[in-house]
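# Examining the three-dimensional arrangement
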Amino acid sequence: MKKVSVGLIIAMEEEFRALDGMISKRKEVFLNGIRFILGKINNVKIAIALSGIGKVNAARTTTTLSHAFSPECIISTGVAGGLGKLSKLSVVIADGLVQHDIDLTSFGRQKGALPGMESPVILATREIRDRLKKVAVSANIGIIATGDQFIASESKALKIANEFQAIACDMESAAVAQVAKLEGVPFGVIRVISDDAGKDADEDFSAFLEKAASLNGQIVADFLALYSK
Ligand code: ADE
């Protein structure tokens, strides 16, 4: 397979749609059963992988993407739940990622940390994070917490926020981060808030998905425009 500049990992078709119309020289391939859309956005060679939801899908997709297309960097992107006071449609950029559902505390480890990890936090690549900041200057920067759960409870949201000082939650980014780090590929995460992870999160998610995804797509396109310079 041909090398690309930027690999984008997106969980859902709805989150991908905003970018679809921007792709030139568009081609689709399936690898390991994963759908990849190849082409150029703003003159940057991209491979967009539709991972499906959750950590296992995200991890498998990141491995496949990095082996098949040797991207210079990988971006996990889409929508996220806001923890705390982030309003819907605000933008978040990760400076670190945690897996809130890892729990080896029975063995004296910190919540979120696996053996071999000094800290539960996987730091995003600084250069990528800074490039993302340039195109989303008012974005909130902080920790994004990932787990195989759609968070729709104020108490759960508060617990995750307090345990990890996290500002947002999703179901893929920390898995992408863990694999990207293992593969030695620089990575970043940018997402737009679709809901507040509280009791109406499911309804808000459905109501805001399209708008949040559309804004997200625009920011990713701006990132790519800057990337080519
Ligand atoms: N992605 C968007 N909203 C989310 C939520 N509330 N929990 C987990 N992932 C999400």
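Here is a short report on the structure shown in this document.

Reading the values: the criteria
Residues numbered from 1 in each chain as written. Predicted model: local features only at pLDDT ≥ 70, side-chain atom pairs only at ≥ 80, totals over all residues. Helix = DSSP H or I, 4+ residues; strand = E, 2+ residues; numbered from the N terminus. Rg over C-alpha atoms; globule rule 2.2 N^0.38 Å. Buried ≥ 20, exposed ≤ 12 C-beta atoms within 10 Å, placed from the backbone. Contact = placed C-beta atoms within 7 Å. Near = placed C-beta within 6 Å. Nonpolar A, V, L, I, M, F, W, Y, C, P; charged D, E, K, R; others polar. Axes fitted to C-alpha atoms, helices over the stretch in contact; angles between N-to-C directions. Parallel < 35°, antiparallel > 145°, perpendicular 65-115°, else oblique. Left-handed = near helix turned anticlockwise from the far one by under 90°. Core = buried A, V, L, I, M, F, W, Y, C linked by C-beta atoms within 7 Å. Pairing = 2+ DSSP bridges. Right-handed = clockwise from strand over helix to strand, strands pointing away. Expected span 1.5 Å × (residues − 1).

Right, let's get into the overall build of the chain. Per the secondary structure count, the chain includes 6 helices and 10 strands. Expected size for 229 residues packed as a compact globule is a radius of gyration near 17 Å; at 16 Å, the chain falls within 12% of this value. The buried share of the chain, reckoned over its 229 residues, is 47%. Here the analysis covers contacts within the chain between residues at least 6 apart in sequence; of these, 77% occur between residues at least 24 apart.

Neighbouring the ligand are 14 residues; G81, F150, I151, A197 and A201 lie closest to it. Ranked by residues supplied to the shell around the ligand, first place goes to strand 5 (residues 73–82) with 3 residues. Tallied by class, residues from the shell around the ligand come to 10 nonpolar, 2 polar and 2 charged.

What follows deals with helix 5 (residues 173–183). A large share of helix 5 lies buried, amounting to 8 of its 11 residues. Taken residue by residue, helix 5 has S173, A174, A175, V176, A177, Q178, V179 and A180 as its buried positions. Once helix 5 ends, the next one or two residues include G184, with phi positive near 75°.

All right, on to the packing of helix 1 (residues 13–20) against helix 6 (residues 201–227) then. At a minimum axis distance of 8 Å, the contact between helix 1 and helix 6 shows a crossing angle of 45°. In terms of axis orientation, helix 1 runs oblique to helix 6. Relative to helix 6, the crossing made by helix 1 is right-handed. Judged by residue contacts, E14, E15, R17, A18 and L19 of helix 1 engage L209, E210, A213, S214, N216, G217, V220 and A221 from helix 6.

Another point: the packing of helix 3 (residues 126–135) against helix 6. Running from N to C, helix 3 and helix 6 point in directions that differ by 115°, and their axes come no closer than 9 Å. It follows from the interaxial angle that helix 3 and helix 6 lie roughly perpendicular. As helix 3 runs across helix 6, the sense of the crossing is right-handed. Facing R131, L132, K134 and V135 of helix 3, the residues of helix 6 in contact are I219, D222, F223, L226 and Y227. When the residues that make up the contact of helix 3 with helix 6 are grouped by side-chain class, the tally is 6 nonpolar, no polar and 3 charged.

Within soluble globular proteins, side chains that are nonpolar tend to cluster in buried spots. Core analysis: the largest hydrophobic core is formed by 70 residues, its most contacted members being I144, A166 and C169. If one sorts the elements of this core by residue count, helix 6 sits on top with 8 residues.

Now for unusual backbone geometry. Backbone geometry places N32, a non-glycine residue, at a positive phi of 50°. Checked against the element boundaries, N32 lands in the loop between strand 2 (24–31) and strand 3 (34–41). Judged by C-beta crowding, with 12 C-beta atoms within 10 Å, N32 ranks as exposed.

Across the 5 residues of strand 9 (residues 166–170), 5 count as buried, placing the element largely inside the fold. With 2 bridges connecting them, strand 5 and strand 9 associate as antiparallel partners. Opposite G81, over in strand 9, you have C169 as the bridge partner. Each parallel crossover has a hand, and the one from strand 8 (residues 140–146) via helix 4 (residues 154–164) to strand 9 is right-handed.

A separate point is helix 2 (residues 55–69). Given a rise of 1.5 Å per residue, 15 residues ought to cover 21 Å, and the 21 Å separating the end C-alpha atoms of helix 2 matches this to within 8%. Among all positions of helix 2, only K55, N57, A58, T61, T62, T64, L65, S66, A68 and F69 are buried. Looking one or two residues past helix 2, S70 carries a phi angle of roughly 35°, positive in sign.

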